[in-house]
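# What the coordinates show
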Amino acid sequence: MSQIEPAADCPVPVPPPGSRGIAEILAAARARLARLDPERAHLAYRAGALLVDIRPAAQRAAHGTVPGALAIERNVLEWRLDPRCPARLPQAVGYDLPVVILCQEGYTSSLAAASLQDLGLHRATDVVGGFAAWQVAGLPVLGPTPPAAPPVLAPPATAGRASR
């Protein structure tokens with residue numbers, strides 16, 4: 001993920017006391033995880049871990065998907081996997097569930113897996129490098145889904161007639 005540089009004429013604000021930047025938050029999240037490279041994630045999935053793709057639908061369509069991965073977009077992840085939540089999915093059977101989170105490049109997935117650990121899903125982790133690394137490793141993928149072709153429309157009834 002590329003760093004965004006502030007404009008030269010835009011001063012960087014002083015952060016409030018006790019706040020942490022995203023780099024610190026990400027590092028703290030990753031320090032709690034036993035992150036898996038794509039090959040180990042694939043083996044974990046084949047051994048019964050729940051592989052969860054948190055990318056938005058548009059990103060999955062543009063880049064492809066992992067066959068069998070459960071698509072749960074990031075904005076509802078905790079509600080769907082918290083075993084005590086009424087909005088949970090049937091797969092949220094308990095706190096010992098091995099969950100492997102997949103995002104596009106392995107950044108958002110680290111934050112999401114740490115959040116699942118906060119819920120008590122102590123075996124939650126993520127894929128180093130995300131879907132992009134999974135694909136480069138030659139692991140199974142489907143897609144991407146090509147954009148829909150524009151519909152073929154019949155020419156207007158007046159096509160080819162001379163104007164009067």
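Above: the structure in question.
Below or above, wherever it landed, is the structure these notes cover. (Residues numbered from 1 in each chain as written. Predicted model: local features only at pLDDT ≥ 70, side-chain atom pairs only at ≥ 80, totals over all residues. Heavy atoms only, no water.)

### Quick notes on the nonpolar core
Note on soluble globular proteins: their nonpolar side chains tend to be buried together. Ranked by internal contacts, the top residues of the largest apolar core, which has 19 residues, are Val52, Ile54, Leu77, Leu81, Val99, Ile101 and Leu116. For this core, the secondary-structure elements that each account for two or more residues are strand S1 (50–53), helix H4 (77–81), strand S3 (99–102) and helix H5 (108–118). The element best represented in this core is H5, accounting for three residues. Ranked by size, the runner-up nonpolar core spans 11 residues in total, among them Ala41, Val66, Leu102 and Leu139. (Core = buried A, V, L, I, M, F, W, Y, C linked by side-chain atoms within 4.5 Å. Buried < 20%, exposed > 50% of the residue type's maximum accessible area, 1.4 Å probe, protein only. Helix = DSSP H or I, 4+ residues; strand = E, 2+ residues; numbered from the N terminus.)

### With respect to the sheet that holds S3
With respect to topology, four strands assemble into an open sheet ordered S2-S1-S3-S4, the strand pairing being parallel. Two strands lie at the open edges of the sheet, namely strand S2 (70–71) and strand S4 (125–126), each paired on one side alone. Relative to S2, S1 runs parallel, the two sharing two bridges. From the neighbouring strand, aspartate 53 faces S2, where its bridge partner is alanine 71. On the sheet, H5 packs against S3 and S4 and is oriented at approximately 150 degrees with respect to S3. (Pairing = 2+ DSSP bridges. Contact = heavy atoms within 4.5 Å. Axes fitted to C-alpha atoms, helices over the stretch in contact; angles between N-to-C directions.)

### Some thoughts on the packing of aromatic side chains
Inspection of the entire model under this criterion finds zero aromatic pairs. Across the ring face of phenylalanine 131, the terminal group of arginine 55 is positioned such that the distance to the ring centre comes to 4.2 Å. (Phe/Tyr/Trp six-rings, centres within 6.5 Å; stacked < 30°, edge-to-face > 60°. Lys NZ or Arg CZ within 6 Å of the ring centre and 35° of its normal.)

### Observations regarding the pattern of salt bridges
Under the definition given, this model contains seven salt bridges. Across the salt bridge formed by aspartate 118 and arginine 32, the nearest N and O atoms sit 2.6 Å from each other. Taken as a pair, aspartate 118 in helix H5 and arginine 32 in helix H1 (residues 22–32) lie far apart in primary sequence, 86 residues in all. Residue aspartate 118 is classed as exposed on the basis of its relative accessible area of 59%. As a salt-bridge pair, arginine 55 and aspartate 53 come within 2.7 Å of each other at their nearest N and O atoms. With a relative accessible area of 2%, aspartate 53 lands in the buried category. (Salt bridge = Lys/Arg side-chain N within 4 Å of Asp/Glu carboxyl O.)

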